[in-house]
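# Commentary on secondary and tertiary structure
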Amino acid sequence: DIVIGIITVVSGRNPVKHGPVNYIEKMNKPMLFMYSNKDVYSDPEKINAMYEKCPAVKQIKWFDKGIHSHIRINQTEEYDKTIEDFLAENAQ
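An account of the accompanying structure is given in this report. These numbers come from a predicted model, not from an experiment. (Residues numbered from 1 in each chain as written. Predicted model: local features only at pLDDT ≥ 70, side-chain atom pairs only at ≥ 80, totals over all residues. Heavy atoms only, no water.)

## Description of the pattern of salt bridges
- For the structure shown, the criterion picks out three salt bridges.
- In this structure, K61 and E78 form a salt bridge, with 2.7 Å as the shortest nitrogen-oxygen distance. Residue K61 is found in strand β2 (residues 58-63), and its partner E78 is found in helix α5 (residues 76-89); the two are separated by 17 residues along the sequence.
- On the basis of relative accessibility, which here comes to 37%, the residue E78 falls in the partly exposed class. (Salt bridge = Lys/Arg side-chain N within 4 Å of Asp/Glu carboxyl O. Helix = DSSP H or I, 4+ residues; strand = E, 2+ residues; numbered from the N terminus. Buried < 20%, exposed > 50% of the residue type's maximum accessible area, 1.4 Å probe, protein only.)

Right, dumping it as structure tokens:
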């Protein structure tokens, strides 16, 4: 895949081999997972498995609108409130 090749060249790491699922168990800072139910790139089964593997304080939020990086643009207030609440609850 061309995109994977470009990411590998630019970052120096293959995102398939070095993606979040491979490192999530090392996380120790509060993590907020935000996804859209309409996102074809975020398989709910895989997302939930990664969420369960994360040992940190965590929260998951599924939004009804938006595809991948367009979640906020479709529900700005709810998106921003989710982040604000999470930060307020997990300020260190």
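Okay, back to it.
## Comments concerning a nonpolar patch on the surface
- A grouping of I2, I6, V9 and V10 is seen on the molecular surface, where their side chains present a nonpolar patch of about 480 Å² in accessible area.
- Among the structural elements, V10 can be located in helix α1 (residues 2-11).
- Relative accessible area serves as the criterion here: at 70%, V10 is assigned to the exposed category. (Patch = residues over 30% accessible without salt bridge, like charges linked within 9 Å, V, L, I, M, F, W, Y side chains within 5 Å. Areas by Shrake-Rupley, 256 points an atom, 1.4 Å probe, with all protein chains shown as cover.)

## Structural notes on the environment of E25
- Mapping E25 onto the fold places it in the loop between α2 (20-23) and β1 (31-36).
- The spatial distance from the C-alpha of E25 to the C-alpha of P55 is 6.1 Å, given a sequence separation of 30 residues.
- In this structure E25 touches K53 and P55, once residues within four positions along its chain are discounted. (Contact = heavy atoms within 4.5 Å.)

## Brief notes about α5
- Between its first and last C-alpha atoms α5 spans 20 Å; for 14 residues at 1.5 Å apiece the expected length is 20 Å, and the two agree.
- Among the structural elements, β1, β2 and α4 (71-74) are those in contact with the buried residues of α5. (Expected span 1.5 Å × (residues − 1).)

## Overview of helix α3 (residues 44-53)
- Within the sequence span of α3, burial applies to I47, M50 and Y51. Viewed along the axis of α3, the buried residues span an arc of 105°, placing them on a single side of the element. Those residues of α3 that are exposed and angled more than 90 degrees off the buried face are E45, K46 and E52.
- Looking at the buried positions of α3, the neighbouring elements they touch are α2, β1 and β2. (Arc of directions from axis to C-beta.)

## Considering the side chain of S42
- Topologically, S42 is positioned in the loop between β1 and α3.
- Given the relative accessible area of 6%, S42 is considered buried.
- Looking at S42, its side chain comes within polar contact range of the side chain of D39, at 2.9 Å. (Polar contact = N/O pair within 3.5 Å; in protein donor to acceptor, adjacent residues only side chain to side chain.)

## Points about the pairing of β1
- Bridge count between β1 and β2: six bridges; the pairing is parallel. Within β2, the position partnered with M34 by the bridge is K61.
- In the classification by handedness, the crossover that spans β1, the intervening α3 and the parallel β2 is right-handed. (Pairing = 2+ DSSP bridges. Right-handed = clockwise from strand over helix to strand, strands pointing away.)

Spatial relationships are all this shows, so hold off on functional conclusions.
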